[in-house]
Amino acid sequence: MRTVTYSAFRKDLKSELRRCRDDAESLLVANQDDSENVVVMNARDYDALMETIRIYENPYLHDKVLRGLDQLAAGKASDRELIDA
């Protein structure tokens, strides 16, 4: 993760935001007081991170993912056709 100061971030705000969006790279905007540091990231990446956290926090979903990974590792996976809505 790249780090920039508040003043550098303000100076080059537009290109820093585009870089976060286009490169899927998070950016730490740092201040002398660590409690004022913030992270800037692409909204899609944030949504994916929050979904991952929700799955890990839900015992049923987390177990279901682990069971699926175990089945895949054991060679018990199969291809299926997608149904068009």
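What you are looking at is a predicted structure, and each value in this text was computed from that prediction instead of being measured. (Residues numbered from 1 in each chain as written. Predicted model: local features only at pLDDT ≥ 70, side-chain atom pairs only at ≥ 80, totals over all residues. Heavy atoms only, no water.)

### Looking at the nonpolar core
And step 1. Listed in full, the six residues of the largest apolar core are Val4, Phe9, Cys20, Leu27, Val29 and Val40.
And step 2. Ignoring any residue separated from it by four or fewer positions in sequence, one finds Phe9 in contact with Val4, Glu16, Leu17, Leu27, Val29 and Val40. (Core = buried A, V, L, I, M, F, W, Y, C linked by side-chain atoms within 4.5 Å. Buried < 20%, exposed > 50% of the residue type's maximum accessible area, 1.4 Å probe, protein only. Contact = heavy atoms within 4.5 Å.)

### Comments concerning the sheet that holds strand 3 (residues 38–40)
And step 1. Strand order in this open sheet of three strands is 1-2-3, and the pairing throughout is mixed. The open sheet has two free edges, formed respectively by strand 1 (2–5) and strand 3, since each of these has just one partner strand. This sheet shows a mean twist of 30° between the axes of neighbouring strands, independent of strand direction.
And step 2. Pairing geometry for strand 2 (residues 27–30) and strand 3, over three bridges, is antiparallel. What sits directly across from Leu27, in strand 3, is Val40. (Pairing = 2+ DSSP bridges. Helix = DSSP H or I, 4+ residues; strand = E, 2+ residues; numbered from the N terminus. Axes fitted to C-alpha atoms, helices over the stretch in contact; angles between N-to-C directions.)

### Focus: a nonpolar patch on the surface
And step 1. The grouping of Val65, Leu66, Leu69 and Leu72 at the surface amounts to a nonpolar patch, some 350 Å² of accessible area in total.
And step 2. Inspection of the secondary structure puts Leu66 in helix 4 (residues 59–73).
And step 3. Look at Leu66 and you get partly exposed, because its relative accessible area is 38%. (Patch = residues over 30% accessible without salt bridge, like charges linked within 9 Å, V, L, I, M, F, W, Y side chains within 5 Å. Areas by Shrake-Rupley, 256 points an atom, 1.4 Å probe, with all protein chains shown as cover. Salt bridge = Lys/Arg side-chain N within 4 Å of Asp/Glu carboxyl O.)

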